[in-house]
Amino acid sequence: MKKHLSGAYVAFVFILLYLPILVFIFFSFNAGTSGGKFTGFSLRWYEMLFQDRALLGAFFNTLLIALAASVMATVLGTMAALGIFNLKRKTKSIVLNVSNLPILNPEIVTGISLMLLFAFVFIKVFHLNFGFVTVLLAHILFNTPYVILNVLPKLRQFNMSLYEAAQDLGCKPRRAFFRTVIPEIAPGIFAGFLMAFTFSLDDFIITFFTNGDLETLPTYIYTHIGKGKTTLEFNALSAILFLIVMSLLVFSNLIGRNKNSVEKY
Amino acid sequence: MRSRQPLIPYLIWMVIFVIVPLGFVVYYTFTNENGSFTFENFQYVGKYASTYVYSLRLALVATLICLLMAYPFAMILSRSHAKVQTMMMLLIMIPMWINFIIRINAIAFVLEENGIINKAITVLGGKPLKLIHTDFAVVLGMVYNYFPFMLLPIYTVMAKIDKSLYEASADLGGNGWQTLRRVTLPLSIPGVITGITMVFVPAASTNIIAGYLGHTKMIGDIIETTFKTEVNYNVGSTLSLVLMLIILIAMVVMNHFDQDKDGAMLL
């Protein structure tokens, strides 16, 4: 009885989670223009999607910014984590608290505070405009704390005598560092990079306040979806995103499982 | 390896991109458009007081619903077979990785006057309901979008609870309820606190959900229009600063319930 009850509950939550998005995707195949009435199967919205140059451009910007920002945040964050690791307890907690501010604060506050900085420094002092550079800087800002939060625990687990042993065996400190410390903390660096990348891909609010004329996928969706004209183009887009996400997650899961089984046997 | 030097670039970075921007927010809060000192901007906080209360109230309701839904779910999940756990986590993550605005629109799509729910009601002979552009729709949108943020931290903490503690509790004669109250609940508090923070903060400050699902503006929308449409940095900064302080205070109060201070603050 108890088992059935919890099974039913889990099913209920999943239905709630999936029903809206699946209905939304289903209507991407609608031949008609209405979201209420399915008048027949068609791929016209997909055709429209792939001809939408502005959308494809926004998608390209999103990928480029996410990649560039997460790589830079990974370098900056890993270095910062190495330094923070060696701080005294009290200073460490102060530095970490300031560092986490951009992700603990409401996103809209981080967004507007950066907008004020850029409006003042970039536009008044350097006569530059909002655009690629401001969005990139903003993304590095909110990505770096995630990298630090992923690298720090790995540093805590690291056995320092390994690094000392490498030096005793004749390694220069620099080489010893790259041969012992980096491989040990690499999983944390990678996890931080992935987290930064995904948050960057999906960010809307902070981008919205720093983008100027630059469109990323989320800002493009925001300015075009559901405002006035009925279009099922975005239903088609969400179907494609759904497919990409699902295959990526299933794929990474399969790799993860294989790796585990290799380690086991 | 023992050096603190690698921190230097990040310290400079933090000063420029964390501290100085917040300094700008404070500066604009206490000045008028001519740049002279004033408290006048705070009268707008009074003007929008009901909007603050409204946003915080809806966010609170959504946070509570998320908690009530996620807690039993995390318990079921953490006690199921390892393979089932991975599978279910995957199913939770997939919708989360689809763009936020698209997900909000999917909700609006389902709730619309001639959306699928009202279609079903009419087919069954009922009268169509006013679902979209209501408080109900806003709370539903919040729950739908932020539910994983509540579930993940609670589940992470619960998965780490030593299973022998449950057995020990049972051996000592504790029933299911007592085990929940005396073992599971205290050990899962850090996860619950992280979850509440991760749902409440974005829900209270959202500038997206009300536009698609609500009938009136939330404080996030007001801040957005003040900056973007009215281009009034002074009033916008004041409204943001007050929102930030309210949320910070709420979080400090929350963290008092967390005895384990090293506990997972965020993630």
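Residues numbered from 1 in each chain as written. Chains lettered and ligands numbered in written order. Predicted model: local features only at pLDDT ≥ 70, side-chain atom pairs only at ≥ 80, totals over all residues.

1. So, the overall build of chain B
In terms of helices and strands, chain B carries twelve helices and zero strands. Counting from the amino terminus, chain B carries its helices and strands in the arrangement α-α-α-α-α-α-α-α-α-α-α-α. By residue count, 42% of the 267 residues in chain B fall in the buried class. Partitioning the contacts of chain B with sequence separation of at least 6, the portion at a separation of at least 24 is 74%. (Helix = DSSP H or I, 4+ residues; strand = E, 2+ residues; numbered from the N terminus. Buried ≥ 20, exposed ≤ 12 C-beta atoms within 10 Å, placed from the backbone. Contact = placed C-beta atoms within 7 Å.)

2. A few points about the overall build of chain A
Secondary structure summary: chain A contains eleven helices and zero strands in total. The order of helices and strands in chain A, counted from the N terminus, is α-α-α-α-α-α-α-α-α-α-α. For 265 residues, the compact-globule estimate of 2.2 N^0.38 gives 18 Å, and chain A exceeds it by more than 25% at 23 Å. By residue count, 39% of the 265 residues in chain A fall in the buried class. Taking as baseline every contact in chain A between residues at least 6 positions apart, the subset at least 24 positions apart corresponds to 77%. (Rg over C-alpha atoms; globule rule 2.2 N^0.38 Å.)

3. Some details on the interface of chain A and chain B
On the side of chain B, 64 residues touch chain A, which itself brings 63 residues to the contact. Contributing elements (two or more residues each) for the side of chain A that touches chain B: α1 (2–26), α3 (53–85), α4 (89–104), α5 (107–125), α6 (132–157), α8 (173–202), α10 (217–224) and α11 (233–264) of chain A. Of the residues forming the side of chain A that touches chain B, the biggest block, eleven residues, is contributed by α1(A).

4. So, the environment of A:His139
Residue and element names in this part refer to chain A. Take His139: it is sitting in helix α6. When the 27 C-beta atoms within 10 Å are taken as the criterion, His139 is described as buried. C-alpha of His139 to C-alpha of Phe197: the two residues are 58 residues apart in sequence and 9.5 Å apart in space. When near neighbours in sequence (up to four residues on either side) are disregarded, His139 contacts Ile65, Ala69, Ser200 and Asp203.

5. A closer look at unusual backbone geometry
Residue and element names in this part refer to chain B. Despite not being glycine, His133 shows a phi value in the positive range, around 60°. Residue position: His133 is located in the loop between α6 (116–123) and α7 (135–160). Residue His133 is classed as partly exposed on the basis of its 18 C-beta neighbours within 10 Å. Phi at Val231 takes a positive value of approximately 45°, unusual for a residue other than glycine. Structurally, the position occupied by Val231 is in the loop between α11 (219–228) and α12 (233–255).

6. Overview of the nonpolar core
Residue and element names in this part refer to chain B. Ala62, Tyr146, Val199 and Leu213 are the most contacted members of the largest nonpolar core, which has 139 residues in total. Per element, the largest residue contribution to this core is 16 residues, and it comes from α7. Contacts of Val199, omitting those with residues within four sequence positions, involve Ala62, Thr63, Cys66, Tyr146, Phe149 and Met150. (Core = buried A, V, L, I, M, F, W, Y, C linked by C-beta atoms within 7 Å.)

7. Some points on helix α3 (residues 49–78) of chain B
Under the 1.5 Å per step criterion, the end-to-end length of α3(B) is 42 Å for 30 residues, consistent within 8% with the ideal 44 Å. Those residues of α3(B) hidden inside the fold are in contact with α1 of chain A together with α4 (82–96), α7, α9 (176–205) and α11 of chain B. (Expected span 1.5 Å × (residues − 1).)

8. Looking at the packing of α9(B) against α12(B)
All names here are of chain B. Two numbers describe how α9 lies on α12: the axes approach to 11 Å, and their chain directions differ by 165°. One element, α9, and the other, α12, form an angle in the roughly antiparallel class. As for the relative orientation of α9 and α12, their crossing is right-handed in sense. Residues Ile193, Ile196, Thr197, Val201, Ala204 and Ser205 of α9 form the contact with α12, whose own contacting residues are Leu243, Ile247, Met251, Met254 and Asn255. Its residues assigned to classes, the contact of α9 with α12 shows eight nonpolar, three polar and no charged. (Axes fitted to C-alpha atoms, helices over the stretch in contact; angles between N-to-C directions. Parallel < 35°, antiparallel > 145°, perpendicular 65-115°, else oblique. Left-handed = near helix turned anticlockwise from the far one by under 90°. Nonpolar A, V, L, I, M, F, W, Y, C, P; charged D, E, K, R; others polar.)

9. Comments concerning the packing of α4(A) against α6(A)
All names here are of chain A. α6 packs onto α4 with a crossing angle of 120° between their chain directions and a minimal axis gap of 8 Å. Judged by the angle between their axes, α4 and α6 are oblique. Relative to α6, the crossing made by α4 is left-handed. In contact with Ser99, Asn100, Pro102 and Ile103 of α4, α6 contributes Leu141, Phe142, Pro145 and Ile148. Of the residues contributing to the contact of α4 with α6, the split by class is six nonpolar, two polar and no charged.

10. Here's the deal with the environment of B:Val53
Along the polypeptide, B:Val53 turns up in helix α3. Sequence spacing of B:Val53 and B:Pro6 is 47 residues, and the spatial spacing of their C-alpha atoms is 44 Å.

11. Remarks on the confidence of the model for chain A
Residues and elements named next belong to chain A. Averaged over all residues, the pLDDT of chain A equals 88, while 93% of them reach at least 70. Here α11 is the element of chain A with the lowest mean pLDDT, 74, and helix α9 (residues 205–210) is the one with the highest, 95. Note that pLDDT drops below 50 for residues 260–265; the model gives that stretch zero contacts with residues more than four away or on any other chain. (pLDDT = per-residue confidence, 0-100.)

12. Section: α8(A)
Residues and elements named next belong to chain A. When the local axis directions of α8 are compared, the greatest deviation, roughly 50°, occurs at Ala186, which is followed within four positions by the proline Pro187. Of all the residues in α8, the buried ones are Ala176, Thr180, Ile185, Gly188, Gly192, Phe193, Ala196, Phe197, Ser200 and Leu201. Tucked inside the fold, the buried residues of α8 contact α3, α6 and α7 (160–168). (Bend = angle between axes of the 7 residues up to and from the residue.)

13. Some thoughts on the confidence of the model for chain B
Any region with low pLDDT has predicted coordinates that should not be read closely. All names here are of chain B. Considering every residue of chain B, the mean pLDDT works out to 90; 96% of them sit at 70 or more. Taken together, the stretch residues 261–267 has pLDDT below 50 and engages in twelve contacts with residues farther than four places along the chain or on a different chain. Two numbers describe this predicted complex: its pTM, 0.89, and its ipTM, 0.88.

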